[in-house]
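The primary structure of each chain is shown beneath.
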Amino acid sequence: MAESRMPKPIQFAGMCALLAAAIFIATQHAPAPHQSAVMATTTPSMSPLEIMIRNNEPLPVEVWDAS
């Protein structure tokens, strides 16, 4: 059987570098969730009345509902 010319620590470091590169490439190509789906699950919706009660002030004109 032929002996490897590289010492074991160098082989180990090379294998770790290849594994890290493979993981990096795999994470770059992984699909990410759409931003609206993330916002919908992490941001609770509050009614204008709840905002007024919690802040103890009138609702700003920018947030008023036009309907």
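Remember, it's a predicted structure, so these values are computed and weren't measured experimentally. (Residues numbered from 1 in each chain as written. Predicted model: local features only at pLDDT ≥ 70, side-chain atom pairs only at ≥ 80, totals over all residues. Heavy atoms only, no water.)

**Some words on the overall build of the protein chain**
Now for step 1: Counting secondary structure elements, the protein chain contains 3 helices and 0 strands.
Now for step 2: Order of helices (α) and strands (β) in the protein chain, N terminus to C terminus: α-α-α.
Now for step 3: Within the protein chain, the proportion of its 67 residues that are buried is 1%.
Now for step 4: When the accessible surface of the protein chain is split by element, carbon and sulfur atoms take 68% of a total near 6,600 Å². (Helix = DSSP H or I, 4+ residues; strand = E, 2+ residues; numbered from the N terminus. Buried < 20%, exposed > 50% of the residue type's maximum accessible area, 1.4 Å probe, protein only. Areas by Shrake-Rupley, 256 points an atom, 1.4 Å probe, with all protein chains shown as cover.)

**Overview of the environment of Ile-51**
Now for step 1: Topologically, Ile-51 is positioned in helix α3 (residues 48–55).
Now for step 2: A relative accessible area of 24% places Ile-51 in the partly exposed class.

**Overview of unusual backbone geometry**
For residues besides glycine, phi is generally negative; the peptide bonds are generally trans as well.
Now for step 1: Phi at Asn-56 is positive, roughly 55 degrees, even though this residue is not glycine.
Now for step 2: One can find Asn-56 in the segment after α3.
Now for step 3: Judged by relative accessible area, Asn-56 falls into the exposed class, the value being 70%.

**Structural notes on the confidence of the model for the protein chain**
Now for step 1: Per-chain confidence: the protein chain averages 76 in pLDDT, with 66% of residues scoring 70 or above.
Now for step 2: By mean pLDDT, the top-scoring element of the protein chain is helix α1 (residues 8–28) (91), and the lowest-scoring one is helix α2 (residues 35–42) (57). (pLDDT = per-residue confidence, 0-100.)

**Section: a nonpolar patch on the surface**
Now for step 1: Together, Leu-49, Met-52 and Ile-53 make up an exposed nonpolar region whose accessible area comes to about 300 Å².
Now for step 2: Mapped onto the elements of the fold, Leu-49 is located in helix α3. (Patch = residues over 30% accessible without salt bridge, like charges linked within 9 Å, V, L, I, M, F, W, Y side chains within 5 Å. Salt bridge = Lys/Arg side-chain N within 4 Å of Asp/Glu carboxyl O.)

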